[in-house]
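Each chain is listed here by its residues.
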Amino acid sequence: MLTAEEFCLLRDLAEKKQTVTNELFNSRLGQALHAKGFIDLSSITTVGLEALEPSKVDNAVIMAAGFSSRFAPLSYETPKGLTSVRGEKLIERQIRQLKAAGIEEIIVVVGYKKALFEYLQECFGVTIVENHEFSKRNNHSSLWAVRGHLKNSYICSVDNYFVENPFHLYEMGAFYSAEFAAGETSEWCMEVDQNNQISSVQVGGKDAWYMIGHAYFDQQFSDAFIRILSQVYDRAETKDQLWEAIFVAHLDSLSMKIHKNTIPNIYEFDSIKDAKRFDPTFFDHNPSRILDDIEKVLNVKREQLTNIYPLKSGLTNLSCYFSVDDHGYVYRYPGVGTEKLVDRQAEFAALKVAQQTELDGTYIAGCPDLGWKISRFVDDARMLNPKEDSELKAAMMLMRKLHQLDATIERDFDFLKQGLKYEGLWLPYVAMTDDDRSLREGVFRLTEKALTRKKVLTHNDFFGLNILIDQANQLHLIDWEYAGMGDEANDYGTFVVTSLLTDEEADKALDYYLERMPTLEERRHFYTYVVFASWCWYNWALYKEALDECVGDWRGVYRRYVVHYLTRLNSLAL
């Protein structure tokens with residue numbers, strides 16, 4: 001049985017990082033190893049190599065499946081692991097360091113933009129394993145995807161940069177790498193027992209050793225972790241957990257030591273700011289069409305961009321914030337599959353109208369062919385609250401202003417046609433139920449009486465989250481992706497359902513829009529378009545869910561409004 005001190009010396013001898021000198025041989029440690037037959041006067045012996053064999057590293061797993069949203073906007077184009085730091089791609093540097101340590105079996109777990117990693121197979125001889133659940137689960141799903149490979153295995157994150165090679169051909173027991181944080185820190189801080197085993201982990205601490213960099217699973221740990229992961233994988237609470245959180249929750253069953261790096265060696269690049277701090281030439285090594293577009297539109301250099309961070313992703317697109325000289329901007333990147341949902345030519349034609357008429361004071365420029373746009377960030381803006389009467393009225397006045405414009409674009413927007421389009425997109429994934437079929441029939445029975453009242457430029461996604469109110473109380477109608485020529489009741493229909501208006505609030509909104517009490521026929525007409533809009537967005541939600549995208553409770557909301565307004569229309573017919 002080797003002590004930790006004996007193991008480290010024997011490993012250094014096996015890896016040719018140290019030679020047996022007279023001084024070493026005659027030392028206390030050298031004599032102990034010699035007595036066990038592990039070294040002689042010149043080198044490690046065959047017996048010594050055999051003693052190390054159970055500790056030989058079988059392989060390394062590099063987790064590279066994630067989207068890395070905090071690395072926006074570069075991550076929209078390139079996975080973080082394929083960005084270059086100090087002129088070297090992050091993942092390539094790790095692979096080279098692993099191979100330099102003698103580790104030949106390297107498994108790269110991919111997901112987001114997986115095709116961009118395929119060259120690694122030919123160039124470095126790595127094995128590519130796809131994590132099919134990377135967009136729905138946290139990084140534990142990457143370990144689940146390679147569970148058959150886990151033995152004596154390094155577990156690496158693609159966003160780590162090691163100044164000095166930390167890897168070895170032999171390791172003594174499972175560990176998690178750590179560095180020391182002086183003062184307050186928000187990192188995952190570890191406490192250990194007298195045997196250096198991790199006894200507790202908490203997020204945040206002071207003057208503490210914290211988790212950073214790679215981990216190492218020995219065979220015993222791998223077997224135990226896979227067994228536990230298989231037990232908890234299907235639990236709802238597991239979905240968003242890091243594998244480290246699962247480890248911490250089972251410290252009584254999973255034994256892992258801390259591996260302290262006494263000299264700072266590990267860097268994690270959570271954001272572009274982190275990367276630029278470490279490598280001032282970071283932008284020089286990472287070409288980006290997105291940054292090119294920003295430079296051209298705003299007439300700036302990318303080095304002037306500061307405070308870059310992702311905004312909360314919408315249900316359709318990705319967006320990030322950045323500033324130039326204390327002025328804030330938003331870059332919108334089209335989401336995957338939006339080409340099936342959005343007519344970009346029509347969107348940008350409508351955006352120009354909105355810009356010229358000051359309906360949207362945020363839009364600056366964009367590209368209809370590629371779908372990106374740049375907007376001003378409205379400081380201290382708030383979203384419209386449709387439950388506040390004055391703001392409900394202001395929204396209806398904004399809607400009326402839009403519909404009174406003498407403007408046309410080359411796109412017609414019909415909620416029923418759009419709903420049928422969404423229906424055609426989700427039907428290949430999910431069979432239509434009798435309930436959906438009955439709902440559909442109820443909706444289409446209304447078409448016999450639903451004649452277009454007035455065809456105007458409509459926004460068609462008119463609701464509180466798309467109406468910003470600035471400090472001067474000016475309203476900005478944003479996100480024109482569904483704009484087109486349609487019935488004036490289109491926007492009312494969407495606003496009612498997406499604002500979750502009660503019957504009383506919906507009727508008051510119609511009074512505000514018309515600036516008078518509606519006639520019975522007008523009421524029927526506008527209620528009909530609540531049905532049409534709700535049914536369209538219901539099918540949109542079904543399509544999103546068919547793609548395993550979360551839409552929260554909206555599918556149920558849309559369906560309830562279809563049913564409820566069919567009932568309201570029936571009561572008006574009596």
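Undergrad: Describe the pattern of salt bridges, with residues and values.
TA: Per the counting criterion, the structure on display carries 35 salt bridges. Across the pair Arg 96 and Glu 88 runs a salt bridge whose closest N-O atoms are separated by 3.1 Å. Residue classification places Arg 96 among the partly exposed positions, given a relative accessible area of 37%. Between Asp 274 and Arg 277 there is a salt bridge whose closest N-O contact spans 3.2 Å. Of this pair, Asp 274 and Arg 277 both sit in helix 11 (residues 272–278), three residues apart, which is roughly one turn of that helix. The exposed category is assigned to Arg 277, whose relative accessible area is 57%.

Undergrad: Mind laying out the packing of aromatic side chains, listing which residues take part and the relevant values?
TA: Two measures describe an aromatic ring pair: the distance that separates the ring centres and the angle between the ring planes. Overall, the coordinates contain 41 aromatic pairs when judged by the stated rule. Taken together, a centroid distance of 5.8 Å and an interplanar angle of 85° make the contact between Phe 225 and Trp 243 edge-to-face. Of this pair, Phe 225 sits in helix 9 (residues 219–232) while Trp 243 sits in helix 10 (residues 243–249); the two residues are 18 residues apart in sequence, bridging distant segments of the chain. Since its relative accessible area comes to 1%, Trp 243 is described here as buried.

Undergrad: Outline the sheet that holds strand 14 (residues 327–334), listing residues and values.
TA: Strand pairing in a sheet takes place through backbone hydrogen bonds and is either antiparallel or parallel in direction. Taking strand neighbours across the sheet as the criterion, the five strands line up as 12-13-14-16-15 in an open arrangement whose pairing is antiparallel. Pairing within the sheet leaves two strands with one partner each, and these edge strands are strand 12 (306–310) and strand 15 (363–366). Taking the axes of each pair of neighbouring strands and ignoring which way they run, one obtains an average angle of 20° across the sheet. By the bridge criterion, three bridges tie strand 12 to strand 13 (residues 317–324) in an arrangement that is antiparallel. Looking across to strand 13, one finds that Pro 310 is bridged to Cys 320. The strands touched by helix 12 (residues 289–298) are strand 13, strand 14, strand 15 and strand 16 (373–376); relative to strand 14, the strand with the most contacts, the crossing angle is about 135°. Across the face of the sheet, helix 13 (residues 344–356) comes into contact with strand 13, strand 14, strand 15 and strand 16 while running at roughly 150° to strand 15.

Undergrad: Tell me about helix 18 (residues 503–514), and name the residues and values.
TA: Helix length check: helix 18 (twelve residues) gives 17 Å between terminal C-alpha atoms against 16 Å at 1.5 Å per residue, within 8%. Those residues of helix 18 that sit buried are Glu 505, Ala 506, Asp 507, Ala 509, Leu 510, Tyr 512, Tyr 513 and Leu 514. Backbone geometry just downstream of helix 18 places Glu 515 in the positive-phi region, at approximately 65°.

Undergrad: Explain the state of the cysteines to me, and be specific about the residues and the numbers.
TA: Tallying each qualifying case throughout the model produces zero disulfides. The thiol of Cys 123 is not disulfide-bonded; the next cysteine sulfur, from Cys 156, is found 19 Å away. Classification of Cys 123 as exposed rests on a relative accessible area of 53%. With no disulfide of its own, Cys 320 lies 16 Å from the sulfur of Cys 367, the closest cysteine sulfur. For Cys 320, a relative accessible area of 1% translates into the label buried.

The rules we used
- Residues numbered from 1 in each chain as written.
- Predicted model: local features only at pLDDT ≥ 70, side-chain atom pairs only at ≥ 80, totals over all residues.
- Heavy atoms only, no water.
- Salt bridge = Lys/Arg side-chain N within 4 Å of Asp/Glu carboxyl O.
- Buried < 20%, exposed > 50% of the residue type's maximum accessible area, 1.4 Å probe, protein only.
- Helix = DSSP H or I, 4+ residues; strand = E, 2+ residues; numbered from the N terminus.
- Phe/Tyr/Trp six-rings, centres within 6.5 Å; stacked < 30°, edge-to-face > 60°.
- Pairing = 2+ DSSP bridges.
- Axes fitted to C-alpha atoms, helices over the stretch in contact; angles between N-to-C directions.
- Contact = heavy atoms within 4.5 Å.
- Expected span 1.5 Å × (residues − 1).
- Disulfide = S-S within 2.5 Å.

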